[in-house]
Amino acid sequence: MKLSGGRILMESLLENQTDLIFGYPGGAIMPIYDALYDYKDKLKHVLVRHEQGAAHAAEGYARLSGKVGVCFATSGPGATNLVTGIADAMMDSVPLVCITGQVYANLLGTDAFQETDMIGVTTPITKWNYQITKPDEVAETIAKAFYIARTGRPGPVLIDITKNAQIEKADFKYPQKISIPSFKLPGKPNDNLVKQAAKLINNAQKPFLIAGHGVIISKAFNQLKTLAQKADIPVASTLLGLSAIPSSHPLSMGILGMHGKYSTNVLTNQADVIIAVGMRFDDRVTGRLSEYAKQAKIIHIDIDASEINKNTIANVAINADAKSALEALIPKISKNEHTSWLSEFNRLDQIEFEKVTTKELTPQNNKIKMAQVVNMLSDKTKGRAVVVADVGQHQMVTARYFKFQKNNSFLTSGGAGTMGYALPAAIGAKMAQPQTEVIAIIGDGSFQMTIQELATIAQEGIAIKIIILNNKFLGMVRQWQDLFFDKRYSFVDLKNPDFVAVAKGFYIYGEKVTSYSDLEKAIERLLKAKKSYLLEVEVEKETNVFPMVPAGASVEEVRLE
């Protein structure tokens, strides 16, 4: 059966259980969109207002659905507008298949209208990329793309399809099996290494579990909790590991790293065994590497062999999927208690509560602090909502004060730190789980990066709740200028629009709150709304987020003020 390359692409997407595409049409991808016209009953397409929004929406969809996110863009500027989202997905291990149109094959290299070398541009930020120039390449290439994107450590793949390959016809036969000899996956956890790890854990006096994004990707929630409970081990989370274990669990110690808790940072450098699961010892977690956990034996579990011994040398390195590694480890772990060790966390948490938390949550002069908003939202939702945070002070406050009770309920940009992530990612998240309450928490600066996606929300009728924490600053940059640049506030003041009026212009209801006394009722109205709702909260202008490990400092040099 001969089909055009565009139709072969549609059939190949259906073979991979694709049901949702985020995209923006243009000249070089028009034949694909023409083919999509006949598949509207099987493939839903969401028209975003900027290609960056397509990539982030696909990320949000992938992270909450467990499927591969798919996005379309045309050549040239359409394709390059995807790049930020692709880089974000690469850093945070999110499976995407990004399809870009390209000029006719005979025009490649001629600087034709809207021609950009997307293979060259995206090679460093994809797991794999490929340019299709003939229609008979489409089916096999798409099969490989989905396999690579979802298998092992997930990540983005970009497929660039020339216009002639979209139009010309070929026989359609979808490959039933994909074999890529150079693409090697780790097998079962090495039994000898598992035994070594178990021995270290069983003999430890001060064991410490660190849950990374890999725990969430592998859905190793029960295994993580079982190991922690059996050996009585405190569990800290990286930013992307938050919600791997419920915040209310007695062994959950919260976030660690640059704006992590006082206890988790200080006690990192007192633990005798650290079990790092699905995390990569990012600099925001380790602080100054030369002073990081020198006293500890490190057990590193990661599916990506390139992450092992990259930043921190492991005493026991288990290159395997987090779930399978923990399942192999649990039977070899002795039941244990570490009462005095756990009490150290409680003691330091009390210090943080007195010096930081109390000040942040106690109302004063009827002004509103970011922490008060997030804490109240957490209480009102009982920690059951999916929260999508953008990047900045509000992101760190959300990570600190929202009490996540559901697994995989916190989406944010971690490795790349992409401002503008939250609004489009929330679109994808809500479309992945329409019955789930999805709340985007966004700073006033971040919101203006992808504000146009309000039109996508309105067009699709998506019921997303949006909270803008407005301090009229690029808050995190201002905090660094305050602490490390003698308060020389260089170009961080924001003259913002009327966000409520802007929302209403996009047919989304909104309101603004400036007084603490009005906050609770406003949050209740937001949560009760059946449609999308924007709540702008005017917060204190110059509040800094603490605790904080200054850049280049040791984790035990964490500051409380």
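So, how was this worked out
- Residues numbered from 1 in each chain as written.
- Predicted model: local features only at pLDDT ≥ 70, side-chain atom pairs only at ≥ 80, totals over all residues.
- Heavy atoms only, no water.
- Helix = DSSP H or I, 4+ residues; strand = E, 2+ residues; numbered from the N terminus.
- Expected span 1.5 Å × (residues − 1).
- Buried < 20%, exposed > 50% of the residue type's maximum accessible area, 1.4 Å probe, protein only.
- Arc of directions from axis to C-beta.
- Domains from an automatic or database assignment.
- Contact = heavy atoms within 4.5 Å.
- Buried area = accessible area lost by both parts, 1.4 Å probe.
- Core = buried A, V, L, I, M, F, W, Y, C linked by side-chain atoms within 4.5 Å.
- Phe/Tyr/Trp six-rings, centres within 6.5 Å; stacked < 30°, edge-to-face > 60°.

1. Quick word on helix α3 (residues 51–65)
In this model α3 runs 21 Å from its N-terminal to its C-terminal C-alpha over 15 residues, within 8% of the 21 Å that 1.5 Å per residue would give. In terms of residue burial, α3 counts as a mostly covered element, since 14 of its 15 residues are buried. Just past α3, the residue G66 takes up positive phi, approximately 80°.

2. Things to note about helix α9 (residues 191–203)
With 13 residues, α9 extends 18 Å between its outermost C-alpha atoms, agreeing within 8% with the 18 Å of an ideal straight helix rising 1.5 Å per residue. Within the sequence span of α9, burial applies to V194, A197, A198 and I201. Along the axis of α9, the buried positions cluster into a sector of 100°, meaning they face one direction only. Seen from the open side of α9, the exposed residues pointing more than 90 degrees away from its buried face are K199 and N203.

3. With respect to the domain arrangement of the protein
The domain boundaries assigned to the protein delineate domain 1 (2–171), domain 2 (191–344) and domain 3 (368–538). Each of domain 1 and domain 2 was reduced to a C-alpha centroid, and the two centroids are 37 Å apart. At the junction of the two partners, domain 1 supplies seven residues and domain 2 supplies seven residues. Each partner contributes to the roughly 660 Å² buried at the junction of domain 1 and domain 2, and carbon and sulfur atoms together form 55% of this total. It is R63, D92 and R153 that lose the most area in domain 1 upon contact with domain 2, and together they represent 62% of the buried surface on that side.

4. A short note on the nonpolar core
Counting residues in hydrophobic clusters, the biggest one holds 102 residues, and the most contacted among them are I201, L209, L224, I274, L377 and V537. Counting residues per element, this core draws most heavily on helix α16 (residues 370–381), at six residues. Split by domain, this core shows at least three residues from each of two domains, domain 2 (191–344) and domain 3 (368–538). In this structure I201 touches A231, I233, V273, I275, I299, L329 and I333, once residues within four positions along its chain are discounted. Counting 51 residues, the second-largest nonpolar core is a separate cluster that includes A55, A62, I427 and F499.

5. Thoughts on the packing of aromatic side chains
For any two aromatic rings, the description comes down to two numbers: the centre-to-centre distance and the angle of the planes. Here the structure, examined in full by the defined rule, presents 13 aromatic pairs. Seen in terms of ring centroids, F208 and F345 are 5.5 Å apart; in terms of plane orientation they differ by 50°. Their pairing is tilted. With a gap of 137 residues between them, F208 in strand β9 (residues 207–211) and F345 in helix α15 (residues 339–361) connect regions that are remote in the sequence. Since its relative accessible area comes to 0%, F345 is described here as buried. Centroid distance F402 to F404: 4.9 Å. Interplanar angle 50°. Geometry classified as tilted. Just as F402 is buried, F404 falls in that class too. Put simply, the rings of F208, W341 and F345 pair up and form one aromatic cluster.

6. Regarding unusual backbone geometry
A cis amide bond, omega 0°, links F546 with the succeeding residue P547. Checked against the element boundaries, P547 lands in the segment after β20 (533–538). A positive phi is found at D486, a non-glycine position, where the angle reads about 55°. Among the structural elements, D486 can be located in the loop between α21 (475–484) and α22 (499–505). Unlike most non-glycine residues, Y507 shows phi in positive territory, near 65°.

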